[in-house]
Every structure is written in structure tokens, then in C-alpha cells.
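Below are the chains, spelled out letter by letter.
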Amino acid sequence: GTQSPLRSITEHRAPGDLVRGQFVDRVDALGSFHHSNGSVHPVILPDSPEEVPQTPGEYELTEVTSIPDRSDQENERPDMVVLDCRANAKGQREEDALLENASQSNESDDTSTDQSLVPPAPLKETSFSIGLQVLFPFLLAGFGTVAAGMVLDIVQHWTVFTEVTEVFILVPALLGLKGNLEMTLASRLSTAANIGQMDTAKDMWKMIMGNLALIQVQATVVGFLASIAAVIFGWIPEGNFKMGHAVLLCASSVATAFIASLLLGLIMIGVIIASRKVGINPDNVATPIAASLGDLITLALLAGISTGLYKELEYNDYANPMVCAFFVALTPIWVLIARRTPSTREVLYSGWEPVIIAMAISSVGGLILDKTVSNPNFAGMAVFTPVINGVGGNLVAVQASRISTYLHMNALPIAEPNPAPRKCPTPWSTFFGSGVNSRSARVLFLLVAPGHLVFLYTINSMQGGHTTLTSVFVAFYLAAALLQVVILLYLADWMVNWMWHRGMDPDNFSIPYLTALGDLLGTGFLALCFHVLWLIGDRDTDVGD
């Protein structure tokens, strides 16, 4: 067929002669056909048209070592030799050169299709190169979470946070948008860049516009649902419901999610394009950078917008509903733009489940944060929560993005097929295997303790928080962080491969679940640490400073 990347070699020759012919785009006598791996076979066409099967894929290729002589010259017919041009990477490159020369004289719409099937070869990465590429964005993202923690430590005493404590429930859910939307966007675009779907300017801009519109739709919907979750978790159990505060939560959540996603989406696109131009694997740098300013921007926007809208409650009852209506009214426009790109159209219809479930999981973590930070004995949690959640989410997002790209690249017939990915890995195979994904898991795990020590020292030197950094606290904190990352990396190895075998694109489904679980595990383990430290007597000495 016209969409097949195969080419046929045909030429009329005398019986018994087997020579190389020329590449052609279509074989009129045959539609599509089965081929074997790398073998060259003569195909003897039948005498009468009735013997030719009409259903594509029913042709049988018979391998022979020689072509028998035929004395009947009247029934002479052409011999066809079929070469599988995708048999191996070397043959692929050889034929690509010939096809590229031939395509210069015969341009067609199929040219881009054929080229898109030949992605660039995967980068050869060692543990040192992975660590070197991940280290700087990891530290940058970590300092971004430290800044977010410092901001949360300050704003927790603002009027809107003390009067409407349910705003704390929005914090992990909205900070989790970087995992639900921006990191998923970075993973999708990193995979597209690595497999050659962004090599031309037309394809690149089409994918950029579609993905930007998609995350604006998702941000609006997730922000609205996060506010509903905050109302349900915060007020419904106690029966203390205030309509004005509920609309305030809705307006603050939707506006924060929309603006933050737009800013971070633009940053992500620039990072991925720049990294490909300088020869860096986007999977190693895009997702951490997505989080470097994500927490800080989102938290600052949430604090500023909620404070401004809270003040408007005293003078104007219509400000909050008008903000909600404005951003919701823009949603149909983004839907129309996202539908124009096939890849984003699919996510627009089928990608809601992980985003919404991840938002619900993060909201449970927000409920834990709300109940603990409101207690003066646990006020020190505020500064550390974005840090431990952000570091875990950043590292697991890098690993999930790398595994997803690995599966996409090895599923394409550009090289000898690899063994099928394991469906249920063991912890030993995840961290101590010989593959590149196990290598990256070890590198990412080894970054946890040094990274957190740097971040703790930074917080302490800036005199942030309400917690004294004793050796006992540091030991408990590092134990919680290491346990969180071990669980997340193992879940990433299992989840990405499981989704791949289920026919689900891990770029769209895995990172929201993993980062949301990172928020829940991080907040839960941190609250447990503070509770245990309080019980054993290692209590804060500067609470309220």
C-alpha cells in the first residue's frame, strides 16, 4: 500500500537471472505483503490475474536458492525481488540514503511519513553522563522547592490561610499540576523530539500549539475539581459550609492553575527545543526544570490571588464568580485548538482519568497538610513539605520519562527487536539490573541524600521554618525521603511497563499518578516524622519565631 515503508525491487530479466533493480513506490501487481527479516526473495507472479489474492497481506513469499530455468518463453513474466528495508539499522541507513536521493526528484505527501518512521538513534548514556545531565536541573528544581517552602512558611500566617484553612488542601493539588500537566507535557515533547517528530518547523509548531491548548483545558478542569475536593474534604464532614468561601476557593484554584500552566508550558517548550539543539537528552533535564519554578510560581500565585479575592469579599460579591466564569468561558477555545493535533486530540478524549485521580490523591495529601500545619506543634512542616514532595516527584518523573522514551524507541522497527519489557519487576531488577533504566534508577537514588542535605542546609542558613535541625531530625527526614524515592522508582518501573503492555501511552498516564503518590507519601512520611519526633522528645525549640 502507499503507507507501507517497504520498497520493492522489480525488473524484467530473462529466467534464471537475479539482479538488483530500482526502488519504486508501489507495485501494481501486489498491494501489501508479508516479508521476512532481511532476506531477499524472488516472488514468482501467477499466470492469470484470478490467482492473485485480492486481500492485502495474503501473499506468500517463498525463499529459493536459485530460480529454475523455464523453457516456455511465451509465458515469460517479470520476477519480483522483495527486500525488507527495515530488517536492521544498517540496512535502514543504507536504503535511507538511496531513498533520500530519489525523493529529491519525486516529492509527495508520503515523504514525511517515510521520514518519520526513521527516528534518530538513541543516545549512548553512561551512569556518569546521566548523573551529570540530571544533577544541575535536579539542584535547580530543588532550590525552587526550597523557595516554595520558604514562601509557604511565610504565607501560612496570612489572613486567608488562617481564616480559610481549606486553602492548604489546594496546595498539594495545585503544586501537583506540574506533575499532572507540565511534566506530562515535557515527557510527551521529549519523546516526540527523540523519535524525530519535531524535526521540521511545521510539525514542531503544530505539536506545540496543540499541547499548550491541551494543558490549558486540563488546568481549568483540574483547578475547578480541586476546589470541589477542598470543599468536600474541609467542610462537608464538619457541616460548616460557607458559600462565599467556596466560591473563593474555586476562583483562586482555577485562576492559579490556568496562569501557572501557561507560564510553565512556555518554559518547558523552550527547554526541550534548546536541549535538542545542544545535544542533551530532554528526558534528563525537561522534567526537573518543569519543577524548578513550578512550585514557586504556583504557590506565589495561589497566595496572591486568594488574598486579593478574599479582600474583594468585603466589597464585591460578584468578583469571585466573574473570575470563575471568565476562565471557564475560555475552555471551548482551547478545546478547538487541541482537537486539531492528532496526538493531543487523543489525550483530550482519553487522558482525563490519570489527571483527575492524581488530583484526588494529592488532595488527600493536602488534607494531611491542613490538619498538621493547623497544629502549632507541627508548624515546621510547612517549609519542608514542598521540598520532600518536589524532590521525589522530580526524580520519579525523570525515570518515568526515560523508560517511556526507551519503550517508544525500541518498539519502532529500527533495530533488532529487544526482549519484551518485564511486566512485574522485582526490586532487585529495578535497581541492580544491567539495563540503562536500572542504571538511571541507581543514579537518581544516589542523588536523594546529598540533595536533601544541601536543601536542609540552605533552609537552615536562611533561618527558614519553625524547626530546629537536630541530628535526630535530619536522620528521620532522610529516612523518610529515601523510603519515598525507593517506592516511587520501583512503582515507575512497574507502572510504565504495565501501561505499555495495556496499550496506554506512559507519557500521558504514568507521571500524574507517580507525582501524586509522591505528594501523598512525602506529606504522610513527613507528618509521621514530626509525630515520632514529638513523642520521643526531640521537639521544636523555636516554634512561632
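Please read all numbers here as calculations on a predicted model, not as lab measurements. (Residues numbered from 1 in each chain as written. Predicted model: local features only at pLDDT ≥ 70, side-chain atom pairs only at ≥ 80, totals over all residues. Heavy atoms only, no water.)

A count of helical and extended segments in the chain gives 20 helices and four strands. Taken over 545 residues, the chain has a buried fraction of 50%. A separation threshold of at least 6 residues defines the contact pool for the chain, and within that pool the share at least 24 residues apart is 83%. Summing over all exposed atoms, the chain offers an accessible surface of approximately 24,800 Å²; the carbon and sulfur share of this is 62%. (Helix = DSSP H or I, 4+ residues; strand = E, 2+ residues; numbered from the N terminus. Buried < 20%, exposed > 50% of the residue type's maximum accessible area, 1.4 Å probe, protein only. Contact = heavy atoms within 4.5 Å. Areas by Shrake-Rupley, 256 points an atom, 1.4 Å probe, with all protein chains shown as cover.)

Attention shifts here to helix H20 (residues 506–536). Because the α-helix completes a turn every 3.6 residues, residues three or four places apart line up on one side. Over its 31 residues, H20 extends 43 Å from the first C-alpha to the last, a length consistent with the 45 Å expected when each residue adds 1.5 Å. Counting buried residues in H20 gives 22 out of 31 residues, a clear majority hidden from the surface. Just beyond H20, the residue with positive phi is Gly537, at close to 95°. (Expected span 1.5 Å × (residues − 1).)

This next bit is on helix H18 (residues 448–461). With 14 residues, H18 extends 20 Å from end C-alpha to end C-alpha; this agrees with the ideal 20 Å at 1.5 Å per step. By the burial criterion, the buried members of H18 are Val448, Gly451, His452, Phe455, Leu456, Thr458 and Ile459. The buried side chains of H18 occupy one side of the element, clustering within an arc of 160° when seen end-on. Gln463 lies just past H18 and shows a positive phi near 55°. (Arc of directions from axis to C-beta.)

Bringing the environment of Tyr406 into the picture now. Structurally, the position occupied by Tyr406 is in helix H15 (residues 381–411). Sequence spacing of Tyr406 and Thr191 is 215 residues, and the spatial spacing of their C-alpha atoms is 8.8 Å.

Here we take up the side chain of Gln218. Inspection of the secondary structure assignment puts Gln218 in helix H7 (residues 201–234). A relative accessible area of 3% places Gln218 in the buried class. Not counting the four nearest positions on each side in its chain, Gln218 is found in contact with Leu181, Val347, Gly351, Trp352 and Val355.

Another aspect to go through is a positive patch on the surface. Taken together, the side chains of Lys202, Lys206, Arg339, Arg340 and Arg345 make up a positively charged region of the molecular surface. Relative to the helices and strands, Arg340 is located in the loop between helix H12 (331–338) and helix H13 (342–350). (Patch = residues over 30% accessible without salt bridge, like charges linked within 9 Å, V, L, I, M, F, W, Y side chains within 5 Å. Salt bridge = Lys/Arg side-chain N within 4 Å of Asp/Glu carboxyl O. Lys, Arg positive; Asp, Glu negative; His and termini not counted. Charge placed at Lys NZ, Arg CZ, Asp CG, Glu CD.)

As a further point, take the side chain of Thr307. Locating Thr307 in the fold gives a position in helix H10 (residues 294–312). On the accessibility criterion, Thr307 (18% relative accessible area) is buried. Within the local environment of Thr307, its side chain forms a polar contact with the backbone oxygen of Ala303, the two atoms lying 2.7 Å apart. With sequence-adjacent residues up to four places away left out, Thr307 is seen in contact with Trp158 and Val160. (Polar contact = N/O pair within 3.5 Å; in protein donor to acceptor, adjacent residues only side chain to side chain.)

Under the counting rule described, the total for this entry stands at 13 aromatic pairs. When the ring of Phe473 is compared with that of Phe530, the centres are 5.7 Å apart and the planes differ by 75°; the resulting orientation is edge-to-face. With a gap of 57 residues between them, Phe473 in helix H19 (residues 471–501) and Phe530 in helix H20 connect regions that are remote in the sequence. Across the pair, exposure class does not vary: Phe473 and Phe530 are buried alike. Members of the aromatic cluster, connected to one another through ring pairs, are Phe258, Phe326, Phe327 and Trp334. (Phe/Tyr/Trp six-rings, centres within 6.5 Å; stacked < 30°, edge-to-face > 60°.)

Across the interface, helix H3 (residues 127–155) lies against H18 with an axial gap of 10 Å and an inter-helix angle of 35°. In the crossing of H3 with H18, the sense of the turn from one axis to the other is right-handed. Of the residues in H18, those touching H3 at Phe138, Leu139, Gly142, Phe143 and Val146 are Gly451, Val454, Phe455, Thr458 and Ile459. When the residues that make up the contact of H3 with H18 are grouped by side-chain class, the tally is seven nonpolar, three polar and no charged. (Axes fitted to C-alpha atoms, helices over the stretch in contact; angles between N-to-C directions. Left-handed = near helix turned anticlockwise from the far one by under 90°. Nonpolar A, V, L, I, M, F, W, Y, C, P; charged D, E, K, R; others polar.)

Interhelical geometry of H3 versus H10 gives an angle of 20° and a closest axis separation of 8 Å. What the angle tells us is that H3 and H10 run roughly parallel. H3 and H10 meet at a crossing whose hand is left-handed. Across the interface between the two elements, Gly144, Thr145, Ala147, Ala148, Val151, Leu152 and Val155 from H3 touch Asp295, Leu296, Leu299 and Ala303 from H10. (Parallel < 35°, antiparallel > 145°, perpendicular 65-115°, else oblique.)

Here the focus is a nonpolar patch on the surface. Together, Val472, Phe476, Leu535 and Ile536 make up an exposed nonpolar region whose accessible area comes to about 350 Å². Those elements that provide at least two residues to the nonpolar patch are H19 and H20. For Val472, the location among the structural elements is in helix H19.

With respect to the helices and strands, the residue Ser253 is situated in helix H8 (residues 243–277). The sequence separation of Ser253 and Thr220 amounts to 33 residues, and the corresponding C-alpha distance is 8.6 Å. Sequence-distant contacts of Ser253, that is, excluding residues within four places in its chain, are made with Leu170, Leu174, Gly223, Phe224, Ala226 and Ser227.

Tallying each qualifying case throughout the model produces zero disulfides. In this structure Cys250 is a free cysteine whose sulfur lies 3.2 Å from that of Cys324, the closest cysteine sulfur available. (Disulfide = S-S within 2.5 Å.)

What follows deals with the environment of Val496. Looking at where Val496 falls in the secondary structure, it is placed in helix H19. On the basis of relative accessible area, Val496 is assigned to the buried category, the value being 0%. Residues contacting Val496, with those up to four places away along its chain left out, are Ala400, Ile403, Ser404, Leu407, Pro506 and Ser510.

Right, let's get into the confidence of the model for the chain. Of the residues in the chain, 71% reach a pLDDT of 70 or more, and the chain-wide mean stands at 75. In this model residues 1–46 is a low-confidence stretch, pLDDT under 50, and it forms 114 contacts with partners more than four residues away in sequence or in other chains. Low pLDDT, under 50, characterises residues 541–545; the predicted model gives this stretch eight contacts beyond four residues in sequence or across chains. (pLDDT = per-residue confidence, 0-100.)

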